[in-house]
Amino acid sequence: SLAYASMLLGLALCPLGLVVNRVTRFLGEISYSVYLWHGPVIILISRFFPRLYALDLPHPIAFLLCLAATLAAVMPLAWLSYRFLERPGIEWARRLVSLRTAGSRFAPQPG
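Residues numbered from 1 in each chain as written. Predicted model: local features only at pLDDT ≥ 70, side-chain atom pairs only at ≥ 80, totals over all residues. Heavy atoms only, no water.

Trainee: Looking at this structure, how should I read the overall build of the protein chain?
Mentor: From N to C terminus, the protein chain includes 4 helices and 0 strands. For the protein chain, the α and β elements follow one another from N to C terminus as α-α-α-α. Over its C-alpha atoms the protein chain spans a radius of gyration of 22 Å, topping by over 25% the 13 Å that the globule rule assigns to 111 residues. Burial statistics for the protein chain: of 111 residues in total, 13% are counted as buried. Of the contacts made within the protein chain by residues no fewer than 6 positions apart, 68% connect residues no fewer than 24 positions apart. Approximately 9000 Å² of the protein chain is accessible, and the part contributed by carbon and sulfur atoms is 72%. Averaging the locations of the 10 positively and 4 negatively charged side chains of the protein chain gives two centres separated by 10 Å. (Helix = DSSP H or I, 4+ residues; strand = E, 2+ residues; numbered from the N terminus. Rg over C-alpha atoms; globule rule 2.2 N^0.38 Å. Buried < 20%, exposed > 50% of the residue type's maximum accessible area, 1.4 Å probe, protein only. Contact = heavy atoms within 4.5 Å. Areas by Shrake-Rupley, 256 points an atom, 1.4 Å probe, with all protein chains shown as cover. Lys, Arg positive; Asp, Glu negative; His and termini not counted. Charge placed at Lys NZ, Arg CZ, Asp CG, Glu CD.)

Below you can see the structure in the form of structure tokens.
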């Protein structure tokens, strides 16, 4: 854990373009939606996986095809979910918190 923490601190202080870039930032933004959607998507498309393995390809290639098919389905769903559900929810919560904190300044204090 010390090595991982050191790596994270190092990337935060001096980000490497190979690791910290537009693609990885985008993936970081939608990562929770990817987490939520990957299970249902895998369940829905898993009946196609045996067909990919039946293509008589090396197993690592068949696995990569399954991974590509899964990502091709999960990524657009995750982006749509992030864009139209998660982000508006975050903005709504920020407004609610700011209204509560603004209202609490003027509320009568106990005592």
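Here the narrative resumes.
Trainee: Quick question: what am I supposed to make of the nonpolar core here?
Mentor: Buried together is how nonpolar side chains tend to be arranged in soluble globular proteins. The biggest cluster of nonpolar side chains holds 6 residues, and these are Val41, Ile45, Phe49, Leu52, Cys66 and Val74. Secondary structure elements with two or more residues in this core: helix H2 (22-45), helix H3 (49-53) and helix H4 (59-106). (Core = buried A, V, L, I, M, F, W, Y, C linked by side-chain atoms within 4.5 Å.)

Trainee: Honestly, the pattern of salt bridges in this entry has me stumped. Any pointers?
Mentor: Think of it this way: side chains of opposite charge can pair up when their charged atoms draw near. Considering all chains together, one arrives at 1 salt bridge under this definition. Between Glu91 and Arg94 there is a salt bridge; the shortest N-O distance is 3.0 Å. Of the two residues, Glu91 and Arg94 are both situated in helix H4; the distance of 3 residues between them amounts to about one turn of the helix. Since its relative accessible area comes to 35%, Glu91 is described here as partly exposed. Its relative accessible area of 54% is what places Arg94 among the exposed residues. (Salt bridge = Lys/Arg side-chain N within 4 Å of Asp/Glu carboxyl O.)

Trainee: Explain unusual backbone geometry here, please?
Mentor: Comment: phi is negative for the bulk of residues other than glycine, and the bulk of peptide bonds are trans. A positive phi angle, close to 60°, is found at Asp56, a residue other than glycine. Here Asp56 shows up in the loop between H3 and H4. Its relative accessible area of 72% is what places Asp56 among the exposed residues.

Trainee: What is the right way to read the packing of aromatic side chains from this model?
Mentor: Two aromatic rings, taken as a pair, are described by how far apart their centres are and by the angle between their planes. A full pass over the atoms with the stated rule returns 2 aromatic pairs. A ring pair is formed by Trp79 and Phe84, whose centres lie 6.3 Å apart and whose planes are at 80°; its orientation type is edge-to-face. The exposure class of Trp79 is partly exposed, given its relative accessible area of 36%. On the basis of relative accessibility, which here comes to 51%, the residue Phe84 falls in the exposed class. (Phe/Tyr/Trp six-rings, centres within 6.5 Å; stacked < 30°, edge-to-face > 60°.)

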